[in-house]
Amino acid sequence: TQLLEQSPQFLSIQEGENLTVYCNSSSVFSSLQWYRQEPGEGPVLLVTVVTGGEVKKLKRLTFQFGDARKDSSLHITAAQPGDTGLYLCAGEGRAGTYKYIFGTGTRLKVLA
Amino acid sequence: NAGVMQNPRHLVRRRGQEARLRCSPMKGHSHVYWYRQLPEEGLKFMVYLQKENIIDESGMPKERFSAEFPKEGPSILRIQQVVRGDSAAYFCASSNLPPADTQYFGPGTRLTVL
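Owing to the predicted nature of the structure, the values given are computational and were not obtained by experimental measurement.

Cut-off values and rules
Residues numbered from 1 in each chain as written. Chains lettered and ligands numbered in written order. Predicted model: local features only at pLDDT ≥ 70, side-chain atom pairs only at ≥ 80, totals over all residues. Heavy atoms only, no water. Helix = DSSP H or I, 4+ residues; strand = E, 2+ residues; numbered from the N terminus. Contact = heavy atoms within 4.5 Å. Buried area = accessible area lost by both parts, 1.4 Å probe. Salt bridge = Lys/Arg side-chain N within 4 Å of Asp/Glu carboxyl O. Polar contact = N/O pair within 3.5 Å; in protein donor to acceptor, adjacent residues only side chain to side chain. Nonpolar A, V, L, I, M, F, W, Y, C, P; charged D, E, K, R; others polar. Buried < 20%, exposed > 50% of the residue type's maximum accessible area, 1.4 Å probe, protein only. Pairing = 2+ DSSP bridges. Disulfide = S-S within 2.5 Å. pLDDT = per-residue confidence, 0-100.

Trainee: Explain unusual backbone geometry to me, please; I cannot follow it from the model alone.
Mentor: Peptide bonds are mostly trans, and most non-glycine residues show a negative phi. Residue A:Pro8 is reached from A:Ser7 by a cis peptide bond, and omega for that bond is -10°. Relative to the elements of secondary structure, A:Pro8 occurs in the loop between β1 (5-7) and β2 (10-14). Cis geometry marks the peptide bond from B:Asn7 to B:Pro8, where omega comes out at -5°. Tracing the chain through its elements places B:Pro8 in the loop between β1 (5-7) and β2 (10-13). A positive phi angle, near 55°, is found at A:Lys59, a position not held by glycine. When you line up the elements, A:Lys59 lands in the loop between β6 (55-58) and β7 (61-65).

Following this line, the structure appears as structure tokens:
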């Protein structure tokens, strides 16, 4: 069974600080998605990474897919209160499957 | 805005009643997925449907749960004789050309069973 573990589970930081969230597995994923979910809403896709070692940037967010495609990280620079939310990673097992496997999430709170 | 729509957003049922959750996919999408999110847990895949076909229901409990996606109208997730353990957020996602296409999620239906 493929599992995705996210760490930390909870993170509370001050505005302006940097942070990194990790998504790890012992399994290989053909692609990995990062979502942000706000209370009472559905997950909103932030990025998809496909190639081992791939780095993608979205404003102050930097996403990296591990070389072996078993892990990923999300780094936020100069966090802002608007970054508060639940960050979820989701992996696609075999290429072409549709059963996303979700991590348990990292709940981030950025204090003003 | 032609995003994924789900209704109702909140649903309260007493034990033993039926719950019907609806999902209208994004315009142009003909593939629908249902996920369940228990409190403090990640989303778990339940079922994948195309128009008039169930493709994969391996994540759905064998009893009391059923799903359909008719030719016309929204996809329906139906839970019969609900129990307290069914309380969760149920999310629907849709995509255009799976299996290699991004899934876009709706806002979810929060089911509370009293």
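Moving on from the coordinates now.
Trainee: What exactly am I supposed to notice about the interface of chain B and chain A here?
Mentor: Frequently, the measure chosen for interface size is the accessible area that the parts lose on association. Residue-level contacts link 22 residues of chain B with 21 residues of chain A. Roughly 1600 Å² of surface becomes buried between chain B and chain A when both sides are summed, with 53% attributable to carbon and sulfur atoms. At the junction of chain B with chain A, the criterion picks out one salt bridge. Two residues, A:Glu41 and B:Arg9, come together in a salt bridge whose shortest N-O distance is 3.6 Å. At the junction of chain B and chain A, the tally comes to three residue pairs in polar contact (both at pLDDT 80 or more). Elements that contribute at least two residues to the side of chain B that touches chain A include exactly β4 (31-37), β5 (43-50) and β6 (53-56) of chain B. Its residues assigned to classes, the side of chain B that touches chain A comprises ten nonpolar, six polar and six charged.

Trainee: Sorry if this is basic, but what is going on with the pattern of salt bridges here?
Mentor: Opposite charge on two side chains permits pairing when their charged atoms draw close. Overall, the coordinates contain seven salt bridges over all chains when judged by the stated rule. Ionic pairing is found between A:Glu38 and A:Arg36, a salt bridge with its closest N-O pair at 3.6 Å. On the accessibility criterion, A:Glu38 (38% relative accessible area) is partly exposed. Here B:Arg20 and B:Glu18 are joined by a salt bridge, their closest N and O atoms 3.6 Å apart. Residue classification places B:Arg20 among the partly exposed residues on the basis of a relative accessible area of 33%. By relative accessible area, B:Glu18 is classed as partly exposed at 29%.

Trainee: Looking at this model, I keep getting lost on the side chain of A:Glu92. Mind explaining?
Mentor: Residues and elements named next belong to chain A. Counting through the fold element by element, Glu 92 comes out in strand β9 (residues 85-92). Residue classification places Glu 92 among the buried residues on the basis of a relative accessible area of 8%. Side-chain polar atoms of Glu 92 contact the side chain of Ser 31, separated by 2.8 Å.

Trainee: Explanation requested: the pairing of strand β4 (residues 31-37) of chain A in the structure shown.
Mentor: Residue and element names in this part refer to chain A. Among the seven residues of β4, six are classified as buried, and the element is accordingly described as predominantly covered. Across seven bridges, the pairing between β4 and β9 is antiparallel. What sits directly across from Ser 31, in β9, is Glu 92. Looking at chain direction, β4 and strand β5 (residues 44-49) are connected through five bridges and run antiparallel.

Trainee: I keep staring at the state of the cysteines and nothing clicks. Help me out?
Mentor: Residue and element names in this part refer to chain A. Counted according to the given criterion, the structure contains two disulfides over all chains. There is a disulfide in this structure between Cys 23 and Cys 89, and the S-S distance comes to 2.0 Å. The sign of the 80° torsion about the S-S bond sets the Cys 23-Cys 89 disulfide as right-handed. Placement of Cys 23 in strand β3 (residues 19-24) and of Cys 89 in strand β9 is noted, with a sequence separation of 66 residues between them.

Trainee: Is there a simple way to explain the confidence of the model for chain A in this structure?
Mentor: Low pLDDT marks stretches whose predicted atomic positions should not be read closely. Taken over all residues, the pLDDT of chain A has a mean of 91, while the share at 70 or more is 95%. Highest mean pLDDT in chain A belongs to β7(A) (97); lowest belongs to strand β10 (residues 100-102) of chain A (87).

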